[in-house]
Amino acid sequence: MNTLKKDNTGYHLAHMFIGAEGTLGFVTKVVIQCPVKPNSTHITFLGVDSFDTVLKIVQLARTSLGEILSSCEMMDHAGVNSVSTKFNIQIPVKQCPFYMLLETSGKF
């Protein structure tokens, strides 16, 4: 079994199976590559005043944090308020039109 992620030799067998609706053969072996669990994870929850600021934060996070940025989510006030009311959870920051959740994962 070859564990290379990319191999440009020969036919693309997955496309042949899909195009033939599985009638050309069956899978006998599979290689699964699982990511290593990071040593540390840090989460930040932000209240943001405008969507333009959300976009700026996303761009800044991507350029500054690079490969350790594992998640970047944006939620509007209505969504966060709905969850807060349903589960009786207090929003940890002041009321804002948008909220962001940033997660970093890495060695340290």
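- Labelled according to an unreviewed UniProt entry, the protein appears under the name D-2-hydroxyglutarate dehydrogenase, mitochondrial, originating from Diaphorina citri.
- Under the heading Cofactor (unreviewed entry), UniProt records this for the protein: "FAD".

### Section: the pairing of strand E3 (residues 98-106)
Then, in step 1: In terms of burial, E3 is a largely internal element, seven of the nine residues being buried.
Then, in step 2: Note: strand E2 (residues 69-76) against E3, seven bridges, orientation antiparallel. Residue pairing for E3: methionine 74 is matched across the bridge by methionine 100.

### Regarding the sheet that holds E2
Across a sheet, strands are paired by hydrogen bonds formed along the backbone, either parallel or antiparallel in direction.
Then, in step 1: In space, the three strands of this open sheet follow the order E1-E3-E2, with antiparallel pairing throughout. Both outer strands of the open sheet, strand E1 (40-48) and E2, are each paired with one neighbouring strand and no more. Averaged over all adjacent pairs, the angle separating strand axes in this sheet is 15°, with direction ignored.
Then, in step 2: Sheet topology places E1 next to E3; nine bridges connect them, and they run antiparallel. Pairing of histidine 42 across the sheet is with threonine 104, part of E3.
Then, in step 3: Packed on one face of the sheet, helix H2 (residues 51-65) meets E1, E2 and E3 and runs near 5° to E3.

### Considerations on H2
Then, in step 1: With 15 residues, H2 ought to run about 21 Å at 1.5 Å a step, and its terminal C-alpha atoms sit 21 Å apart, in line with that.
Then, in step 2: Buried within H2 are the following residues: Val54, Ile57 and Ala61. Projection of H2 onto a plane perpendicular to its axis shows the buried side chains occupying an angular sector of 60°, all on one side. Away from its buried face, by an angle of more than 90 degrees, H2 presents the exposed residues Asp52, Lys56, Gln59, Leu60, Arg62 and Thr63.
Then, in step 3: Residues of H2 that are buried sit in contact with E1, E2 and E3.
Then, in step 4: Among the residues trailing H2, glycine 66 stands out with phi positive, at a value near 55°.

Thresholds, definitions, all that
- Along each chain, the written sequence defines residue order, and numbers are assigned to residues from 1.
- A pLDDT threshold of at least 70 governs which residues receive local features in this predicted model, and a stricter bar of 80 or more applies before side-chain atom pairs are shown or counted, although totals over entire chains, interfaces and linings include all residues.
- Only hydrogens and water are removed before side-chain values are computed, so all heavy atoms of the structure are retained for them.
- UniProt positions are given in the numbering used here, feature names are shortened, and annotations may be inferred rather than shown by experiment.
- Type-normalised accessible area, obtained with a 1.4 Å probe on protein chains alone, sets the label of each residue: buried when under 20%, exposed when over 50%, and partly exposed for intermediate values.
- Secondary structure elements follow DSSP: runs of H or I no shorter than four residues count as helices, runs of E no shorter than two count as strands, and numbering proceeds from the N terminus.
- When DSSP finds at least two bridges between two strands, those strands are taken to pair.
- Think of each axis as a best-fit line through the C-alpha atoms, taken over the contacting stretch in the case of a helix, with angles from 0 to 180 degrees between the N-to-C directions.
- Residues are treated as being in contact if the distance between any of their heavy atoms lies within 4.5 Å.
- Helices are assigned an expected span. That span is 1.5 Å times one less than the residue count.
- Arc definition: directions from the helix axis to the C-beta atoms.

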